[in-house]
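These are the residues of each chain, in order.
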Amino acid sequence: MSVSVLSPSRLLGDVSGILQAASLLILLLLLIKAVQLYLHRQWLLKALQQFPCPPSHWLFGHIQELQQDQELQRIQKWVETFPSACPHWLWGGKVRVQLYDPDYMKVILGRSDPKSHGSYRFLAPWIGYGLLLLNGQTWFQHRRMLTPAFHYDILKPYVGLMADSVRVMLDKWEELLGQDSPLEVFQHVSLMTLDTIMKCAFSHQGSIQVDRPSDPTEEGSTTEGGGAGEDQEEEAFGFSGYPPLGQRTTWTRCPTPPCALRRH
């Protein structure tokens, strides 16, 4: 009976051969992926050749040009230089076309192309596959069921409430524009949207835009002091007097607009 024992040199040779084969396989996969990215970028460049844009880095795109504190000014310059539309390269193989021409927008919104699920796929476990994610015939069936609820005659009584919320926001902008400084409209539009929803859906009396500041720094300063915890609890839905999120609340629909829902 004979017993064969692998020598250390032979064992190291086998391991070295496996590592070399694995390294070659990894390099081959990286090369294939690089070729795919290159071909995809060339296809994008050809597809967007009718829309000029500032020079972009082959890997970082326009990220280096769009600094966090100068993004709005840079985009305004692009709008003046490149009318109708301008490609915005996020990185080498990812581009986003910014449209700011009414005729272009009319054509895009009039199409029924399939939706891109890249931005909404992670929401599917929470919101399910409704109008936001559906496509094709299933989407048309769901949309047809909801069409009567959004008829013009039903929405007409709410136009005045929406106009009031927008008017409050524009009045605040008139005051802030006098300071001769850039105006960040995200917080203002968010409060205007919340104000409109609370008036139309929950019959909220007053204006959330007036009750709460649009500047996050101002909002933080108002919560300082002894009643900070109570204010945060009372303003669970954005305005004082609303019950905390954990409190049970029932709603009933009013017979006539603009009071859509009433709290008990």
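Computed from a predicted structure; not experimentally measured.

## Considering the overall build of the protein
Within the protein, the secondary structure is distributed over 11 helices and four strands. When each of the 264 residues of the protein is scored for burial, the buried share is 18%. Counting only contacts in the protein whose residues sit at least 6 apart along the sequence, the fraction spanning at least 24 positions is 40%. Element-wise, carbon and sulfur atoms account for 61% of the exposed surface of the protein, whose accessible area totals about 19900 Å².

## Comments concerning unusual backbone geometry
Despite not being glycine, Ser-84 shows a phi value in the positive range, around 75°. With respect to the helices, strands and loops of the structure, Ser-84 is situated in the loop between helix H2 (71–81) and strand E1 (85–91). Look at Ser-203: it is not a glycine, yet its phi comes out positive at around 55°. Relative to the helices and strands, Ser-203 is located in the loop between helix H8 (186–202) and helix H9 (208–211).

## Remarks on the UniProt feature "transmembrane region" (unreviewed entry) in the protein
The positions UniProt marks with the feature "transmembrane region" (unreviewed entry) are residues 18–39. The span residues 18–39 shows a helical share of 100% and a strand share of 0%, and its end C-alpha atoms are spaced 32 Å apart.

## Observations regarding the side chain of His-62
Inspection of the secondary structure puts His-62 in the loop between helix H1 (8–47) and H2. Taking relative accessible area as the criterion, His-62 reaches 0% and is therefore assigned buried. In this structure the side chain of His-62 is engaged in a polar contact, spanning 2.9 Å, whose partner is the backbone oxygen of Pro-54. Apart from residues lying up to four places away in sequence, His-62 is in contact with Cys-53, Pro-54, Pro-55, Ser-56, Trp-78, Pro-87, His-88 and Trp-89.

Conventions used here
Residues numbered from 1 in each chain as written. Predicted model: local features only at pLDDT ≥ 70, side-chain atom pairs only at ≥ 80, totals over all residues. Heavy atoms only, no water. Helix = DSSP H or I, 4+ residues; strand = E, 2+ residues; numbered from the N terminus. Buried < 20%, exposed > 50% of the residue type's maximum accessible area, 1.4 Å probe, protein only. Contact = heavy atoms within 4.5 Å. Areas by Shrake-Rupley, 256 points an atom, 1.4 Å probe, with all protein chains shown as cover. UniProt positions renumbered as here; feature names shortened; annotations may be inferred. Polar contact = N/O pair within 3.5 Å; in protein donor to acceptor, adjacent residues only side chain to side chain.

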